[in-house]
Amino acid sequence: MLKLSLTPGEYLTIGEDVVVQLYRTEGGRSYLAIDAPREISIVRGAVREREGGQRPERLIGTPKGHASELPI
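Residues numbered from 1 in each chain as written. Predicted model: local features only at pLDDT ≥ 70, side-chain atom pairs only at ≥ 80, totals over all residues. Heavy atoms only, no water.

### Concerning the pairing of strand β1 (residues 11-14)
Turning to step 1, where the next piece is worked out: For β1 and strand β2 (residues 18-26), the ladder comprises 4 bridges, and the chain directions are antiparallel. Note that in β2 the partner of T13 across the bridge is V19.
Turning to step 2, where the next piece is worked out: Hairpin remark: β1 followed by β2, antiparallel, with 3 residues in the connecting loop; positive phi at G15, about 65°. (Pairing = 2+ DSSP bridges. Helix = DSSP H or I, 4+ residues; strand = E, 2+ residues; numbered from the N terminus.)

Below you can see the structure in the form of structure tokens.
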């Protein structure tokens, strides 16, 4: 797993078609802008889990409300 530290305005690309930009941090929250083709499904983790999906085992840290392993 690749772990990055971004400052507001910085971005990363995934393949040729996906761009993720950190556009703002405020009060311990980070705000992302994601530009991807419509064919690529983008779903917030909480929504995925609420609808019965499993939390991916490869994630870093613990679920919301618990101490995180890494400050992100």
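### Things to note about the sheet that holds β2
Turning to step 1, where the next piece is worked out: As summarised here, the arrangement of the 3 strands in space is β1-β2-β3, forming an open sheet in which the pairing is antiparallel. Each edge of the open sheet is held by one strand with a lone partner, namely β1 and β3 (29-35). On average, adjacent strands in this sheet sit at an angle of 25° to one another, irrespective of strand direction. (Axes fitted to C-alpha atoms, helices over the stretch in contact; angles between N-to-C directions.)

### Focus: the pattern of salt bridges
Turning to step 1, where the next piece is worked out: Scanning the model with the defined rule gives 2 salt bridges in all.
Turning to step 2, where the next piece is worked out: Here E26 ties to R24 by a salt bridge, and the two come within 3.7 Å at their closest N and O atoms.
Turning to step 3, where the next piece is worked out: Taking relative accessible area as the criterion, R24 reaches 35% and is therefore assigned partly exposed.
Turning to step 4, where the next piece is worked out: Across the pair R55 and E49 runs a salt bridge, and its minimum N-O distance is 3.9 Å.
Turning to step 5, where the next piece is worked out: For E49, a relative accessible area of 35% gives the class partly exposed. (Salt bridge = Lys/Arg side-chain N within 4 Å of Asp/Glu carboxyl O. Buried < 20%, exposed > 50% of the residue type's maximum accessible area, 1.4 Å probe, protein only.)

### A few points about the confidence of the model for the chain
Turning to step 1, where the next piece is worked out: Put simply, the chain has an average pLDDT of 87, and 85% of its residues get 70 or more.
Turning to step 2, where the next piece is worked out: Per-element confidence in the chain ranges from a low mean pLDDT of 92 for helix α1 (residues 45-50) to a high of 97 for β1.
Turning to step 3, where the next piece is worked out: Per-residue pLDDT stays below 50 along residues 66-72; that stretch engages in 6 contacts with residues further than four places along the chain or on separate chains. (pLDDT = per-residue confidence, 0-100. Contact = heavy atoms within 4.5 Å.)

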